[in-house]
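Geometric and topological summary
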Amino acid sequence: MTVLNLLARRAETAPAARPLPTEVLRQRGQREVFCGLTGIVWLHRKIQDAFFLVVGSRTCAHLIQSAAGVMVFAEPRFATAIMEERDLAGMADPNEELDRVVAQVLERRPDIRLLFLVGSCPSEVIKLDLSRAAARLSARHGPDLRVLNYSGSGIETTFTEGEDACLTAMVDLAPVETATAPHLVVVGSLPDIVEDQFRRLFSAMGLPRVDFFPPRRAADIPEIGPQTRFLLAQPFLGATSQKLEDRGAQPLRAPFPFGAEGTTAWLQAAADAFKISPAVFNSVVAPGRERAKRALARHRETLQGKSVFLFPDSQLEPSMARFLYEELDMRPIEVGTPYLNKELVSCEISRLPSGVVLSEGQDVDRQLDRCRAAKPDLTICGLGLANPLEREGLATKWSIELVFSPVHGFDQAGDLAGLFARPVTRHAMLGV
Ligand code: SF4
């Protein structure tokens, strides 16, 4: 098992590509994406008193350690309980081993308030029941410590699905709602600096109460119920969204807050739900929107008219394609995504130009053939594809940077555009 999930080729069930939004090219075959463990890299920074214990192999440990770029002596809030051959062969009781490792972790880190047991391919294969382990450990170490579990296994999840699985588990800890008036919850892990920017905007609009989920501290998980109106900050949170709706919360659907227009439309959805007057909304939003537009103008000179091909990776692809087309005048050729939740991204794909190919899933060899034939000016793809495509003369952008960098909101719009402009500029300077 490697970090990349290389699945066996299966029969293709693809209809011919057609203009949006009615037809989607669906393919199944070998795919190249990270597994859901990757989400720990940004989640452990977000929830400051949480700890992520991966129950996995040395490969899993290596993935997290190298992706997070954290030195082992820096005491990060994640670790891997490595399953040895004795565990896999059934010669040791993995539950006893796990309890022992958890006790060690808690002795060393008594400040932990929320512990996630994160499943992996090896723990899936031996059918280790982490939900029972979480319940047992919660009873043993609670109530100050709460233990949850979710799967980041490459068998079950891709890349950003890890955050979705983590937040879905966390919904169980959300207190029963006591609010008698509507309140807003922003859902999706955002860097603190971006969260603070949004908080200031909502506050200036006069929204009575705004919470963020996940919170910075486990004790601050917001209450969820019929008075909750929630805005997704990330398009890959389909399961979390469904679970919030099951608790009675109402979703506010909008484009995602990328760029000047995406951010404005996202904020507008909240303003409409809370009946903020157009005058107030415009006065609060206009300065940031203008700043974002000015920042984008610099990069539009580089990107205008350039074609772009997006391989499936983070599920951010429809949102990025909308941003690149609508705000930077690029020409999307194919927009791939591992999964297409039309309900969540309909506001994005309805704004794409007709004729662009929207593809779900992956048969990587066929997709590479389409990419080579299209000769895009910019290819957005995972790490495993970027170097070979660069070697073939294509300019590429690693899509992983879109989840590792602050890219939401007005004040990050220029940085987001810069991520795409840099490889195009470098390519031109090298004269490839
Ligand atoms: S969970 Fe699976 S795919 Fe991910 S690093 Fe571990 S073994 Fe590899």
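Residues numbered from 1 in each chain as written. Predicted model: local features only at pLDDT ≥ 70, side-chain atom pairs only at ≥ 80, totals over all residues.

Notes on the overall build of the protein
To be explicit about the condition: Secondary structure is summarised from DSSP: a helix means a run of H or I of at least four residues, a strand means a run of E of at least two, and numbering begins at the N terminus for each. It is over C-alpha atoms that the radius of gyration is taken, and the globule rule equals 2.2 Å times the number of residues to the power 0.38. Here contacts are defined at the residue level, using C-beta atoms placed from the backbone and a cut-off of 7 Å between them.
Tallying secondary structure elements over the protein gives 17 helices and 14 strands in all. Relative to the globule expectation of 22 Å for 432 residues, the C-alpha radius of gyration of the protein, 22 Å, shows essentially globular dimensions. Projected onto its principal axes, the C-alpha coordinates of the protein cover approximately 60 × 55 × 40 Å. Taking all contacts inside the protein whose residues are at least 6 apart in sequence as the whole, residues at least 24 apart take part in 74%.

Quick word on the site of the ligand
What counts, and what does not: The criterion for a residue being near a molecule or strand is simple: its C-beta atom, placed using the backbone, must lie within 6 Å of it. Note on residue classes: Ala, Val, Leu, Ile, Met, Phe, Trp, Tyr, Cys and Pro are nonpolar, Asp, Glu, Lys and Arg are charged, and everything else, Gly too, is polar.
As a structural note, the neighbourhood of the ligand is formed by 15 residues, with C35, C60, S120, C121 and G154 the closest of them. Within the shell around the ligand, the residues separate by chemical class into 7 nonpolar, 8 polar and no charged.

Considering helix 10 (residues 259-273)
To keep it simple, the criterion reads: One less than the residue count of a helix, multiplied by 1.5 Å, gives the span that helix is expected to have. In this scheme the burial state of a residue depends on its C-beta neighbours within 10 Å: 20 or more other such atoms mean buried, 12 or fewer mean exposed, and anything in between means partly exposed; the C-beta positions come from the backbone.
Relative to the 21 Å expected for 15 residues at 1.5 Å per residue, helix 10 spans 22 Å between its end C-alpha atoms, a close match to the ideal helical length. Within the sequence span of helix 10, burial applies to G259, A260, G262, T263, T264, W266, L267, A270 and A271. Of the surrounding secondary structure, the elements contacted by the buried residues of helix 10 are strand 6 (183-187), helix 8 (192-205), strand 8 (228-232), helix 11 (278-303), helix 12 (317-328) and helix 17 (413-430). Positive phi shows up at K275, right after helix 10, with a value of about 55°.

Observations regarding the domain arrangement of the protein
The condition is simple: Residue ranges labeled as domains rest on an automatic or database domain assignment.
Here the protein is described as being made up of domain 1 (25-33 + 292-430), domain 2 (36-157) and domain 3 (183-283). Across the boundary between the two partners, domain 2 contributes 10 residues, which contact 6 residues of domain 3. With 3 residues, helix 1 (residues 40-46) is the single largest residue contributor to the side of domain 2 that touches domain 3. Of the residues assigned to the side of domain 2 that touches domain 3, the class counts are 5 nonpolar, 1 polar and 4 charged.

Observations regarding helix 13 (residues 342-349)
Among all positions of helix 13, only L344, V345, C347, E348 and I349 are buried. Among the structural elements, strand 8, helix 9 (238-246), helix 12 and strand 12 (357-362) are those in contact with the buried residues of helix 13.

Here's the deal with the sheet that holds strand 5 (residues 146-151)
Strand pairs in the sheet, formed through backbone hydrogen bonds, run parallel or antiparallel to each other. Which entries qualify depends on this criterion: DSSP bridges decide pairing: two strands pair if at least two such bridges lie between them. Fitted lines through C-alpha atoms give the axes, limited to the stretch in contact for helices. The angle between two N-to-C directions lies from 0 to 180 degrees.
Taken in spatial order, the 4 strands make up an open sheet running 3-2-4-5, and their pairing is parallel. The strands lining the two open edges of the sheet, one partner per strand, are strand 3 (78-82) and strand 5. Across the sheet, the axes of successive neighbouring strands diverge by a mean angle of 25°, strand direction being ignored. Both strand 4 (residues 114-119) and strand 5 contribute to a ladder of 6 bridges, which runs parallel. Bridge pairing in strand 5 places F116 opposite L148. Relative to the sheet, helix 2 (residues 58-68) contacts strand 2 (50-56) and strand 3, its axis offset from that of strand 3 by approximately 170°. Helix 7 (residues 161-171) contacts strand 4 and strand 5 of the sheet and is inclined by roughly 145° relative to strand 5.

A few points about the nonpolar core
The condition that has to hold: By convention in this section, buried Ala, Val, Leu, Ile, Met, Phe, Trp, Tyr and Cys residues joined through C-beta atoms within 7 Å make up a nonpolar core.
F52, L53, V55, F116, V118, V187 and L231 are the most contacted members of the largest nonpolar core, which has 122 residues in total. Those residues in contact with V55 that lie beyond four places of it in its chain are A81, M83, L98, L117, V118, G119, S120, S123, L128 and L130.

Quick notes on unusual backbone geometry
For the bond from G142 to P143, the omega torsion is 0°, close enough to zero to count as cis. With respect to the helices and strands, P143 occurs in the loop between helix 6 (130-141) and strand 5. The peptide bond linking F213 to P214 adopts the cis configuration, its omega dihedral lying at 10°. Checked against the element boundaries, P214 lands in the loop between strand 7 (210-213) and strand 8. Look at D329: it is not a glycine, yet its phi comes out positive at around 60°. Inspection of the secondary structure assignment puts D329 in the loop between helix 12 and strand 11 (331-337). Residue D329 is classed as partly exposed on the basis of its C-beta count, with 13 C-beta atoms lying within 10 Å.

Considerations on the packing of helix 11 against helix 17
Cut-off, in case you're wondering: Convention used here: angles under 35 degrees read as roughly parallel, angles over 145 as roughly antiparallel, angles from 65 to 115 as roughly perpendicular, and any remaining angle as oblique. For any pair of crossing helices, the crossing counts as left-handed if the nearer helix is rotated counterclockwise from the farther one by less than a right angle, and right-handed if it is rotated clockwise.
The contact between helix 11 and helix 17 brings their axes to 9 Å, and the two run at 10°. On the basis of the axis angle, helix 11 is roughly parallel to helix 17. For the crossing formed where helix 11 meets helix 17, the hand is left-handed. Across from A292, A295, L296, R298, H299, T302 and L303 in helix 11, the residues of helix 17 making contact are A413, G414, A417, G418, F420, A421, V424 and T425. For the contact of helix 11 with helix 17, the per-class residue count stands at 9 nonpolar, 5 polar and 1 charged.

Topic: the sheet that holds strand 1 (residues 25-28)
Strand order in this open sheet of 6 strands is 1-12-11-10-13-14, and the pairing throughout is parallel. In this open sheet, the two edge strands, each paired with only one partner strand, are strand 1 and strand 14 (396-398). Between one strand axis and the next, the sheet turns by 20° as a mean value, whatever way the strands run. Pairing analysis gives 3 bridges linking strand 10 (residues 307-310) to strand 13 (residues 378-381), with the strands arranged parallel. For F309, the partnering residue across the bridge sits in strand 13 and is T379.

A word on the environment of V407
With respect to the helices and strands, V407 occurs in the loop between helix 16 (401-404) and helix 17. Taking the number of C-beta atoms within 10 Å as the measure of exposure, V407 has 24 and is therefore buried. Residues V407 and F258 lie 149 residues apart in sequence; the distance between their C-alpha atoms is 6.9 Å. The residues touching V407, leaving out its near neighbours within four places in the chain, are F258, L402, Q412, D415 and L416.

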